[in-house]
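# What the coordinates show
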Amino acid sequence: MTIATTYILPLGDSITQGSGVPGGYRKSLYQNLSASGYNVTFVGTKNTNCFTTCSLNMMMHEGHGGKNISFINENIKDWMKGYENEPDIILLHIGTNDFGYKGSKYEKAINRWGALIGKLTKLAPYAHVIASNLLERRLEQYNDRIETLFNPFVEGVIEKHAKYGHKVSFLDMNSLVPLEHIPDGLHPGEEGYKLMGNGWASSIKAITSPEGDYYPPEVSKVFLWNNLSYVSIFFSKPVSDESVKNQTNFYINKNISIDSIELDDSKRNIILKVHGMTRGDTYILKVKGITDRTEENLLLTAVSSFTLNACIDSKKTFGVTILKVKSPVGRV
């Protein structure tokens, strides 16, 4: 059986880019997860500084050298719009430059960071955000700011977001990578990046299996194509081929026929081929019985109903009706 893809967004500054070492932590992260049966694809808008024998699914990231928390916050929404696949995992290590020679308002950096966490959970409500504290810096004036104004508060910010039901977790990267593996006093060396990658990998394994996380699947988006012949259904995580093949799990009222069902390679998106719809009419789509791909075969939490409006204007662009499901509430 094909293993579903785990989409990972490495997000941060030059440490995420991997300054000084090809691939940075992404190399050991990829190798570690692959050896454990994960089918990994990195997402992002940048493809610089890849590691040896690097294929397309290993290239992408959002490591922006010299940038700070505010830069990530200002741009992440636009970056995410361009992703072909939404991330399942977001790895966040950002803030080092907020405490460097270009930094300012140091005491507010943790607030900016907390706001970024909140923004990520809204932009990608089904993704798990793994956020770390900052690595040690050799220059005391910079490191003292980090250890006084930032690192002591990171875990508390994460706990606050978790209480609101956001999928967030903390990784103590500062303890994992000692200063002896940060040769220039700022960026890890090869061994330091290896420690980072393995640290991220351990955190990922704790919250998701190679076939998806341990939350039931949900319908995240539905739309009707403008030719009225297809309906696309997007899920929050990979779903099982067996449950998708069961045509009784899908129903459209007014005697609309479902001719075929196709699950794409990501195992998250379904296309229903339908016939019988009339432009200007409204239909109800019901989805039930869909399970995920984990050993637990977690079931879609309830029958999901959606209104499909077949607009009169046939010239409307792809997707006559678009419905985005609200982000999950009350999860820990």
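Residues numbered from 1 in each chain as written. Predicted model: local features only at pLDDT ≥ 70, side-chain atom pairs only at ≥ 80, totals over all residues. Heavy atoms only, no water.

## Here's the deal with the side chain of Arg 26
- Mapped onto the elements of the fold, Arg 26 is located in helix H2 (residues 25-35).
- Side-chain polar atoms of Arg 26 contact the backbone oxygen of Thr 16, separated by 2.8 Å.
- Only 3.0 Å separates the side chain of Arg 26 from the backbone oxygen of Gln 17, close enough to count as a polar contact.
- Filtering out sequence-adjacent residues up to four positions away, Arg 26 remains in contact with Pro 10, Thr 16, Gln 17, Gly 18, Phe 42, Thr 48, Asn 49, Cys 50, Phe 51, Met 59, Met 60 and His 61. (Helix = DSSP H or I, 4+ residues; strand = E, 2+ residues; numbered from the N terminus. Polar contact = N/O pair within 3.5 Å; in protein donor to acceptor, adjacent residues only side chain to side chain. Contact = heavy atoms within 4.5 Å.)

## Observations regarding the pattern of salt bridges
- Summed over the entire model, instances satisfying the criterion amount to ten salt bridges.
- Where Asp 213 meets Lys 237, a salt bridge forms, and the shortest distance between an N and an O atom there is 3.2 Å. With Asp 213 in strand S8 (residues 212-213) and Lys 237 in the loop between strand S10 (230-235) and helix H10 (241-245), this residue pair connects regions lying 24 residues apart in the sequence.
- Here Asp 213 falls in the buried class, since its relative accessible area comes to 8%. (Salt bridge = Lys/Arg side-chain N within 4 Å of Asp/Glu carboxyl O. Buried < 20%, exposed > 50% of the residue type's maximum accessible area, 1.4 Å probe, protein only.)

## Notes on the nonpolar core
- With 32 residues, the main nonpolar core has Leu 11, Ile 90, Leu 92, Trp 113, Leu 120 and Phe 150 as its most contacted residues.
- For this core, the secondary-structure elements that each account for two or more residues are strand S1 (5-12), helix H4 (69-81), strand S4 (89-93), helix H5 (109-123), strand S5 (128-132) and helix H7 (151-163).
- A per-element tally of this core places H5 first, with six residues.
- When near neighbours in sequence (up to four residues on either side) are disregarded, Leu 120 contacts Leu 11, Ile 76, Met 80, Ile 90, Leu 92 and Val 129. (Core = buried A, V, L, I, M, F, W, Y, C linked by side-chain atoms within 4.5 Å.)

## Let's talk about the packing of H4 against H5
- The contact between H4 and H5 brings their axes to 9 Å, and the two run at 10°. If you check the angle between H4 and H5, you find them roughly parallel. Within the contact between the two elements, H4 uses Ile 69, Ser 70, Ile 72, Asn 73, Ile 76, Lys 77 and Met 80 and H5 uses Ala 109, Arg 112, Trp 113, Ala 115, Leu 116, Lys 119, Leu 120 and Leu 123. (Axes fitted to C-alpha atoms, helices over the stretch in contact; angles between N-to-C directions. Parallel < 35°, antiparallel > 145°, perpendicular 65-115°, else oblique.)

## A closer look at the layout of surface pockets
- Computed from the structure, the largest pocket encloses a volume of approximately 1100 Å³.
- Within the residue set of the lining of the largest pocket, elements represented by two or more residues are S1, strand S2 (39-42), H4, H5, S8, strand S9 (219-224) and S10.
- The residue inventory of the lining of the largest pocket, partitioned by class, reads 16 nonpolar, 13 polar and 14 charged.
- Put simply, the second largest pocket is a space of about 200 Å³.
- Looking at the lining of the second largest pocket residue by residue, the class counts come to six nonpolar, six polar and one charged. (1 Å grid on protein atoms, 1.4 Å probe; cavity = no way out; pocket = protein on both sides within 12 Å on 5 of 7 lines; lining within 4 Å. Points joined across faces, edges and corners; volume = space filled by probe spheres on them. Nonpolar A, V, L, I, M, F, W, Y, C, P; charged D, E, K, R; others polar.)

## Thoughts on the environment of Phe 306
- Examined against the element boundaries, Phe 306 turns out to sit in strand S15 (residues 304-309).
- For Phe 306, a relative accessible area of 7% translates into the label buried.

## Some details on H5
- With 15 residues, H5 extends 21 Å between its outermost C-alpha atoms, agreeing within 8% with the 21 Å of an ideal straight helix rising 1.5 Å per residue.
- Taken residue by residue, H5 has Ala 109, Ile 110, Arg 112, Trp 113, Gly 114, Leu 116, Ile 117, Gly 118, Leu 120 and Thr 121 as its buried positions. (Expected span 1.5 Å × (residues − 1).)

## Details of the packing of aromatic side chains
- Scanning the model with the defined rule gives nine aromatic pairs in all.
- Both rings, one in Trp 225 and one in Tyr 230, keep their centres 4.8 Å apart while their planes meet at 45°; by these two values the pair is tilted.
- The class of Tyr 230 is partly exposed, set by a relative accessible area of 25%.
- An aromatic cluster is built from Phe 99, Tyr 106, Trp 113 and Phe 150, whose rings are joined through pairwise contacts.
- Cation over ring: Lys 67 sits above Phe 71, and NZ or CZ is 4.8 Å from the ring centre. (Phe/Tyr/Trp six-rings, centres within 6.5 Å; stacked < 30°, edge-to-face > 60°. Lys NZ or Arg CZ within 6 Å of the ring centre and 35° of its normal.)

## Quick word on H2
- Within H2 the residues assigned to the buried category are Tyr 25, Arg 26, Ser 28, Leu 29, Tyr 30, Asn 32 and Leu 33.
- Residues of H2 that are buried in the fold lie against S1, helix H1 (14-17), S2, helix H3 (56-59), S4 and helix H9 (190-207).
- One or two positions beyond H2, positive phi appears at Gly 37, with a value near 95°.

## Side note on the confidence of the model for the protein chain
- In the predicted model, the protein chain carries a mean pLDDT of 91, and the fraction of residues at 70 or more is 93%.
- This model gives residues 314-332 a pLDDT under 50, and the stretch forms 57 contacts once residues within four places in sequence are excluded. (pLDDT = per-residue confidence, 0-100.)

## Quick word on unusual backbone geometry
- In this structure, Asn 49 is a non-glycine residue whose phi angle is positive, near 55°.
- With a phi angle near 60°, Leu 228 is a residue other than glycine that sits in the positive phi range.
- Residue class for Leu 228 comes out buried when judged on its relative accessible area of 7%.

## Notes on the pairing of S5
- With five of five residues buried, S5 is to be regarded as a mostly interior element.
- Side-chain alternation along S5 places His 128, Ile 130 and Ser 132 on one buried face and Val 129 and Ala 131 on a second face that is also buried.
- Here S4 pairs with S5 via four bridges, running parallel. Bridge pairing links Ile 89 to His 128 in S5.
- Here four bridges tie S5 to strand S6 (residues 168-171), and the two strands are oriented parallel to one another. When the bridges of S6 are listed, Ser 132 appears paired with Leu 171. (Pairing = 2+ DSSP bridges.)

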